[in-house]
Amino acid sequence: MNQAAMKAAVLEKPLSIEVKQVGMPVLGPYDALVKVYCIGICGSDIHYYEHGKIGRYVVDKPIILGHELAGEVVQIGDQVRNVAVGDRVAVEPGVTCGRCTYCKSGRYNLCPDVVFMATPPDDGAWAEYVSVRSHFLFKLPDGMSYEEGALLEPLSVGFHAMNRGKVGPSDRLLIVGLGPIGLMAIQAAKLFGVTEIYASDVVPFRREYGLKLGATAVLNPLEGDFAKQLARLTGGAGIDVIIESSGNGRAIEDTVRLVNRGGRIVYIGLPTAERIPMDMNLLIDSELDVYGVFRYANTYPAAIQALKGSGIDLRQSITHRFSLDDIKMAVELARTQKDTSVKMMIYPDPQQLNNGGNS
């Protein structure tokens, strides 16, 4: 590329973000340069924007956020063989070492040396271009839009949760918390053949969205006895698997009381409290299987294949679209209007905004 600089949205400090000219990414021999066509706003992006940190990850210098993206390969390193210039690709944003025990065992999401986009100190992809190791690029099939390619990232969290929970078509599933990840988990569950998908949230808009994306029924946990509501909806059969994506301490504590004996619980949502009380006697007596979820591993190829012919349109979760130049407006809306928004999509190229990420 002849360009020496590109546009990117740079977070200078909490609540201060500006689109400016930055240097083009450096391309290594195993890397590909990807022109970003669209990129989502994740809850973690909003958290860094608002608070400047998430746990041990602290924004102590200017950073480019964003990690849910798809685009077109425009240049490749001299050792790249798996993609070519012109390929339409989804980007898996966590590049791992490939050498540690976790990587070699297939659980590379636990790699201690992972470089994950938009996790301090590593820049993300709210920019015109990114450089990515080519092994973490996945070609989009004909008929899959760039928007759907970008949404493979949040879908992967739900997909990984289904894998972790050994979810199958015969399971009755409860998804607690209908933020973007919980809503994507509904679609992931459908890809796993689940037909009884119950969901809960305190926000009416998100309960409505849960029904729109395919939940069998939605519940408000603040209205009446939650366990009795579930018993009534399931005809007394109960819930086999709970996917906890709210991060609410009380909701996490209640999972062991809401799932059937011998059931499975998968925890996605991160609580603000360091410790959550748990009824260990009940957990042991019920012989529950409990799983944690940290990002995902080996999900992109499987999710792309599962989506083919499924009739599931991931774009249903997109409620707002903005150009990169309007990133400040977009993140403020995502931060302050959670009761009327789900997924925001950003477009560095205004033409892609007009085309809805389809070209």
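Use the structure listed above.
Each chain has its residues counted from 1, running along the sequence as written. This being a predicted model, a pLDDT of at least 70 is required before a residue's local features are given, and a value of 80 or more before pairs of side-chain atoms are given or counted; all residues contribute to the totals for chains, interfaces and linings. No hydrogens and no water enter the side-chain calculation; it runs on all heavy atoms of the structure.

Caption draft 1: Spotlight on the overall build of the protein chain. Along the backbone of the protein chain there are eleven helices and 20 strands. Put simply, the radius of gyration uses C-alpha atoms, and a globule should come to 2.2 Å times the residue count raised to 0.38. Relative to the 2.2 N^0.38 estimate, which gives 21 Å for 359 residues, the radius of gyration of the protein chain is 20 Å and therefore close to what a compact globule would have. Each of the three principal axes of the protein chain carries a C-alpha extent, and together these read 65 × 40 × 40 Å. Only protein chains enter the accessibility calculation, which uses a 1.4 Å probe; a residue whose area is less than 20% of its type maximum is buried, one above 50% is exposed, and one in between is partly exposed. Within the protein chain, the proportion of its 359 residues that are buried is 54%. A separation of at least 24 residues holds for 70% of the contacts in the protein chain among residues at least 6 apart in sequence. Total accessible area computed for the protein chain in this model is approximately 15700 Å², and 50% of it derives from carbon and sulfur atoms. If you average the places of the 36 positive and of the 40 negative side-chain charges in the protein chain, the two averages end up 2 Å apart. For the purposes of this entry, the term helix denotes a DSSP run of H or I that reaches at least four residues, the term strand denotes a run of E that reaches at least two, and both are numbered from the N terminus. The contact rule is simple, with two residues in contact once any of their heavy atoms fall within 4.5 Å. In this description, accessible areas are obtained by the Shrake-Rupley approach with a 1.4 Å probe, and a residue is regarded as covered only by the protein chains that are shown. Charge counting follows a simple rule: Lys and Arg are positive, Asp and Glu are negative, and His as well as the terminal groups are ignored. Taken as the charge location is NZ of Lys, CZ of Arg, CG of Asp or CD of Glu.

Caption draft 2: Quick look at the packing of aromatic side chains. Each pair of aromatic rings taken from Phe, Tyr and Trp, with Trp reduced to its six-membered ring, is defined by centres within 6.5 Å and is described as stacked if the planes are under 30 degrees apart, edge-to-face if over 60, and tilted in the remaining cases. With the rule as written, the count across this model stands at six aromatic pairs. Arranged with centres 5.4 Å apart and planes meeting at 50 degrees, the rings of Phe-205 and Tyr-209 form a pair that is tilted. Taken together, the residues span about one helical turn, with Phe-205 and Tyr-209 both in helix H5 (residues 204-212) at a distance of four residues. Ring geometry for Tyr-296 versus Tyr-300: centroids 6.1 Å apart, planes at 55 degrees, classification tilted. Classification of Tyr-300 by relative accessible area gives buried; the value is 1%. The ring of Tyr-146 carries the charged tip of Arg-88 above its face, separated from the ring centre by 4.8 Å. Criterion for a charge above a ring: Arg CZ or Lys NZ at most 6 Å from the ring centre, at most 35 degrees from the ring normal. Over the aromatic face of Phe-116 sits the side chain of Arg-295, whose NZ or CZ is 3.8 Å from the ring centroid.

Caption draft 3: The sheet that holds strand S2 (residues 16-23), seen in detail. Strands are treated as partners if at least two bridges between them are detected by DSSP. An order of S2-S1-S6 is seen for the three strands of this open sheet, with the pairing classed as antiparallel. In this open sheet, the two strands that pair with only one neighbour each are S2 and strand S6 (63-64). Pairing geometry for strand S1 (residues 5-13) and S6, over two bridges, is antiparallel. Within S6, the position partnered with Leu-11 by the bridge is Ile-63.

Caption draft 4: A look at a nonpolar patch on the surface. On the surface, a cluster of nonpolar side chains totalling about 260 Å² of accessible area is made up of Tyr-102, Leu-110 and Phe-294. When you line up the elements, Phe-294 lands in the loop between strand S18 (289-292) and helix H9 (300-307). Patch construction takes residues with relative accessible area above 30% that form no salt bridge. Like charges are linked within 9 Å, and nonpolar side chains (Val, Leu, Ile, Met, Phe, Trp, Tyr) are linked within 5 Å. Salt bridge, as used here, is a side-chain nitrogen of Lys or Arg placed within 4 Å of a carboxyl oxygen of Asp or Glu.

Caption draft 5: Geometry of the nonpolar core. Ranked by internal contacts, the top residues of the largest apolar core, which has 53 residues, are Ile-41, Trp-126 and Leu-137. Ranked by size, the runner-up nonpolar core spans 52 residues in total, among them Ala-185, Ile-186, Ala-189 and Ile-304. Among the buried residues, those of types Ala, Val, Leu, Ile, Met, Phe, Trp, Tyr and Cys that are joined through side-chain atoms within 4.5 Å form a nonpolar core.

Caption draft 6: A look at helix H1 (residues 43-51). Of all the positions in H1, only Asp-45, Ile-46, Tyr-48 and Tyr-49 are classed as buried. Seen from one end, H1 has its buried residues packed into an arc of 160 degrees, which puts them on one side. Of the residues flanking the end of H1, it is Gly-52, one or two places downstream, whose phi is positive at about 80 degrees. Of all possible arcs, the one meant is that of the directions from the helix axis to the C-beta atoms.

Caption draft 7: How the structure looks around the sheet that holds S18. Taken together, the six strands give an open sheet; going across it, the order is S15-S14-S13-S16-S17-S18, and neighbouring strands pair in parallel fashion. Strand pairing shows two members of the sheet lacking a second neighbour, strand S15 (217-219) and S18, which therefore form its edges. Going across the sheet, the axis of each strand differs from the next one's by a mean of 20 degrees, ignoring polarity. Examined bridge by bridge, strand S17 (residues 259-267) and S18 share four bridges and lie parallel to one another. Each bridged residue has a counterpart across the sheet, and for Ile-265 the counterpart in S18 is Val-290. In this analysis, axes come from line fits to C-alpha atoms, helices being fitted only over the stretch in contact, and the angle between any two N-to-C directions falls in the range 0 to 180 degrees.

Caption draft 8: Region of the structure containing the side chain of Ser-134. Along the chain, Ser-134 falls in the loop between strand S11 (129-133) and strand S12 (137-139). Excluding residues that lie within four positions of it along the chain, Ser-134 makes contacts with Tyr-30, Asp-31, Ala-32, Val-80, Asn-82 and Val-83.

Caption draft 9: Summary view of unusual backbone geometry. A cis amide bond links Pro-120 with the next residue in sequence, Pro-121, at an omega value of 10 degrees. Within the secondary structure layout, Pro-121 lies in the loop between strand S10 (115-116) and S11. Despite not being glycine, Lys-166 shows a phi value in the positive range, around 50 degrees. Summarising the element assignment, Lys-166 is placed in the loop between helix H3 (146-164) and strand S13 (172-176). By relative accessible area, Lys-166 is classed as exposed at 55%.

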